[in-house]
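# Close look at the chain arrangement
Below, each chain spelled out in residue letters.
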Amino acid sequence: MAYRGRHINPQRFERGQIKILLILLPLALFMALPIVFIINHAFKPMEELFAFPPSFFVRNPTADNFTKLLKFSRSAGIPLTRYLFNSLLVTLLTVALSLLLTTCASFAFSKIKFRGRNLMLQINQIAIMFVATAVLIPRYMVIANIGMIDSVFAHVLPLVAMPVALFLVKQFVDQVPDSLIEAAHLDGANDFQVYWRIVLPIIKPAIATAMVLVFQQVWTNMETSNYFINDESRKTLTFYMNTLVNASNGVAGQGVSAAATLIMFIPNLILFIICQRSVMNTMATSGIK
Amino acid sequence: MAENVKRRKRSAAGRMERSHFSGYLFAAPYALVFIVFILVPVLLAVVLSFTNFDAVQWPPRWVGFLNYITLLTSDEVFMQYVLPNTVLYAVIVGIGGYILSFLLAWMLCNLTRTVRTVLALIIYSPSLTTGVAMTVLWKVIFSGDQTGLLNSWLMSLGVISEPVVWLVNTSYLLPIVIIIGLWSSMGIGFLAMIAGIANSDESLYEAGAIDGISNRFQEMIYITIPQMKPQMLFAAVMAVVNAFQNGMVSALLVGNPSPGYASQLIVNHIEDYGFLRYEMGYAAAVSVVLLLIVQLFSKAANGLLTEKD
C-alpha cells in the first residue's frame, strides 16, 4: 500500500494508530497513577490507610478524611472557612486584576503605536524567563518598604504581572485585523471603546488561557503567605494545607493530607477542562518568531 | 487588492509617525506592577549581590565582586553538589522533557480528536498539581519501610528483599527528584507543541507524500518540525525556565538543605543562604547567576532552533 501522507489530525481510527496507542497508553497510565492514587487515598478509611501490604485502590470509600480535616482546623483556632475565604478573595482579586491589566497592555502593545513600545515588549519577553524564587529577598524588601506586609495586596500584586500571560494574549491580539479597528475609529470610536467592544470579545480564548495560567499560579502559591504575611488569619488555604501535610507525618495524617491535596487540585483541573478548547486555540499563536 | 495593500501600508506608516499617548495609558498599569514587583527586585538583587547584606546591619557594606569570587572559587557545596546537580537536573528534565513533550505531542496529533483530548489532559494534569500539593503522595510512595508503596511493589515482585530507605539514601535522592520533575514537566510548552502540530498546513502533507515521503517519521522531520519552529521555540523557553526554577520538591520531601546536599539545586542554595543563614548578599549573587544561566540557555536554545533553517 502506498504511503498516503496526511496523518496529522486523522478523522477516524486507522490501523496505524494502534502502534502509537501502544506507546502512549502506558505513558498516560504512568502520568495518571499518582493522581489516581491521591483520589483513592483521600477516601480510604483508617484501617485501609494502615493496611499491610499497602493497597493502591480504596475498598470501602468514606468521607472520614474530609470531616476530620474540618475538625482539625476547628481545633487549631482559625477555622478552615477563614483560609478558604482568604484564598478565594486573593485568587479572585489577582485573576481579575491580572486579566484587566494584561489585556489592556496587550491591546496597547499590539494595536497602538507609541514610543518605547518595542523596548517594553522586549523587556517583557526576557522576563518570561524570570524565576520568581530567585528574587524573593528583594521582593520582600520592596513589599516591606511599601508597607504592604500583612495586607491582602501582598498576596495579589506580586502575581498580577505575569510576563507569559502578556506574551500569549499579545500574540492573540496581533491577529485582530487592523482594518476592523480602523473602521471602528472612522465610526468615531475612541481607543477605550475599541478595546472594550472589539478587541475583548475577539480575544476571549486568550483571556481564558491567561485566566488558567494566573489562577494556577495564585491558587497554588505559598510564597506570599510564607514570606509577606505574618498574621496567621490572613494566610491562604494552600499555606494551611501545606502546614497540615508537614505536621501530620503519621499514617493517620496521610488520609487527611490526601483529602487536602485533592481539594487543592480539583478546582485547577475543572477550570482547565472548562477552558481547554480556548487554551489550545491560544497556544496555536504562542510561537516566538 | 493592490490598492487595498497600498492604503493599509500608508495608514500604518502614518500611524508610525507620531506616538499615540493612549498607548501609555493602556500599558501603564501593567508596566507599573511589572516594574515594582519584577524589574525593581531584579535590579535590587544585582545591587545586593555586591554587598554583604545580612538583614541586620544597615547600611550593608559594599564588597565588590567578592560574593561572585567566593561562589566561583571557594563555595565547595556549590561546586561539588549544587552545580552538578542542577546541570544534571536541567539536562534530563529540561532537554529530556522537551524532547519527550515533542514526541508525545506528535503522537497525540496522529490520533483522533476525542482520544487526543483525553490523553492530552491526562498527560498535562501533573502540571496542574505544581508545588506543595503532591508532597504527601511522594512521601507515601517513597516511604522507607515496608508500608511504602514502591517498596511493597518491588518486594512482591521480588526485585528487592529488604525495604529501601529511598528518602534517606543519598544516592536515590537526586534520581527521585528528577523523576518527579519529569513527571510534572508536560506544561504549557507541551500544549503549545500540540497546537503547533495540529494546526500545521495539511496540504503540505499531501505534497510531501507525492514528493516521496514514505513514513510518519520522515513526515515529522521534513514537514511538521519546520512548520512549527515558533512553537518549538516557545516550548524551549518554557522548558529552560521550568528546569531551573524547580527546587520545591526536594525541599518539601527531605528539607533544605537536603541530606548530604544530594538533591540540592541552585534554587535551594539560594533559599539556604538567604533565609536560613541570612547571608542575603551572597544569596543575591547566586540569584543573579541563576537568572544569567537561564538567559544564556534560552539564547542557546534560540540559536540552535533558528540555525537549522
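Everything quoted here is computed from the prediction, not taken from an experiment.

### Some points on the overall build of chain A
Looking only at helices and strands, chain A features 14 helices and zero strands. Rg of the C-alpha trace for chain A: 24 Å, well past the compact-globule value of 19 Å for 289 residues, more than 25% over. A principal-axis box enclosing the C-alpha atoms of chain A has dimensions of 75 × 70 × 35 Å. In chain A, which comprises 289 residues, the proportion classed as buried is 45%. Taking the contacts inside chain A whose residues are at least 6 apart along the sequence as the reference set, 77% of them involve residues at least 24 apart.

### Focus on the overall build of chain B
What chain B contains, in helices and strands, is 15 helices and zero strands. Against the 2.2 N^0.38 benchmark of 19 Å for 309 residues, chain B shows a C-alpha radius of gyration of 25 Å, more extended than a compact globule. When each of the 309 residues of chain B is scored for burial, the buried share is 49%. Expressed as a percentage of contacts within chain B between residues at least 6 apart in sequence, the contacts between residues at least 24 apart total 68%.

### Quick word on the environment of Gln-276 of chain A
Residues and elements named next belong to chain A. The topology assignment puts Gln-276 in helix α14 (residues 251-283). Residue Gln-276 is classed as partly exposed on the basis of its 18 C-beta neighbours within 10 Å. A C-alpha to C-alpha distance of 33 Å links Gln-276 and Arg-139, two positions 137 residues apart in sequence.

### Details of the interface of chain B and chain A
Taken together, the contacts link 94 residues of chain B with 85 residues of chain A. At 19 residues, the largest contribution of residues to the side of chain B that touches chain A is made by helix α2 (residues 21-48) of chain B. Within the side of chain B that touches chain A, the residues separate by chemical class into 59 nonpolar, 29 polar and six charged.

### Details of unusual backbone geometry
For the bond running from Asn-256 of chain B to Pro-257 of chain B, omega is 0°, close enough to zero to count as cis. Non-glycine residue Asp-150 of chain A carries a positive phi angle of around 75°. On the secondary structure map, Asp-150 of chain A appears in the loop between α6 (136-146) and α7 (152-160). Accessibility expressed as a C-beta count within 10 Å gives 14 for Asp-150 of chain A, which makes it partly exposed.

### Here we look at the domain arrangement of chain A
Residues and elements named next belong to chain A. If you check the domain split of chain A, you get domain 1 (17-62) and domain 2 (79-283). Each of domain 1 and domain 2 was reduced to a C-alpha centroid, and the two centroids are 32 Å apart. The interface of domain 1 with domain 2 comprises eight residues on the first partner and eight residues on the second. Within the residue set of the side of domain 1 that touches domain 2, elements represented by two or more residues are α1 (17-42) and α2 (46-49).

### Focus: the nonpolar core
Soluble globular proteins tend to pack their nonpolar side chains together in the buried interior. One finds Tyr-30, Ala-105, Ile-194, Val-237, Val-240, Val-286 and Leu-290 of chain B to be the most contacted residues of the largest nonpolar core, which totals 178 residues. Counting contributing residues per domain, this core is built from domain 1 (17-62) and domain 2 (79-283) of chain A, each supplying no fewer than three. Residues in contact with Val-237 of chain B, not counting those within four places in the same chain, are Ile-128, Met-129 and Ile-288 of chain A together with Ser-298 and Ala-301 of chain B.

### Re the packing of α6 of chain A against α2 of chain B
The contact between α6 of chain A and α2 of chain B brings their axes to 8 Å, and the two run at 115°. Two packed elements cross with a definite hand, and for α6 of chain A against α2 of chain B that hand is right-handed. Between α6 of chain A and α2 of chain B, the residues in contact are Pro-138, Arg-139, Met-141 and Val-142 of chain A and Val-36, Phe-37, Val-40, Pro-41, Leu-44, Ala-45 and Leu-48 of chain B, respectively.

### Looking at the confidence of the model for chain B
Residue and element names in this part refer to chain B. When the pLDDT values of chain B are averaged, the result is 84; 92% of them are 70 or greater. Per-element averaging of pLDDT across chain B places helix α1 (residues 2-17) at the bottom with 47 and α2 at the top with 94. Confidence drops under a pLDDT of 50 for residues 1-16, and excluding neighbours within four residues, the segment shows four contacts in the predicted structure. The ipTM assigned to the predicted complex is 0.89, against a pTM of 0.87.

### What about helix α14 (residues 266-276) of chain B?
All names here are of chain B. Burial analysis of α14 places nine of its eleven residues in the buried class, which makes it a mostly covered element. Of all the residues in α14, the buried ones are Ile-266, Val-267, Asn-268, His-269, Ile-270, Glu-271, Asp-272, Tyr-273 and Gly-274. With its phi angle positive at about 55°, Tyr-278 sits one or two positions after the end of α14.

Rules of the game
- Residues numbered from 1 in each chain as written.
- Chains lettered and ligands numbered in written order.
- Predicted model: local features only at pLDDT ≥ 70, side-chain atom pairs only at ≥ 80, totals over all residues.
- Helix = DSSP H or I, 4+ residues; strand = E, 2+ residues; numbered from the N terminus.
- Rg over C-alpha atoms; globule rule 2.2 N^0.38 Å.
- Buried ≥ 20, exposed ≤ 12 C-beta atoms within 10 Å, placed from the backbone.
- Contact = placed C-beta atoms within 7 Å.
- Nonpolar A, V, L, I, M, F, W, Y, C, P; charged D, E, K, R; others polar.
- Domains from an automatic or database assignment.
- Core = buried A, V, L, I, M, F, W, Y, C linked by C-beta atoms within 7 Å.
- Axes fitted to C-alpha atoms, helices over the stretch in contact; angles between N-to-C directions.
- Left-handed = near helix turned anticlockwise from the far one by under 90°.
- pLDDT = per-residue confidence, 0-100.

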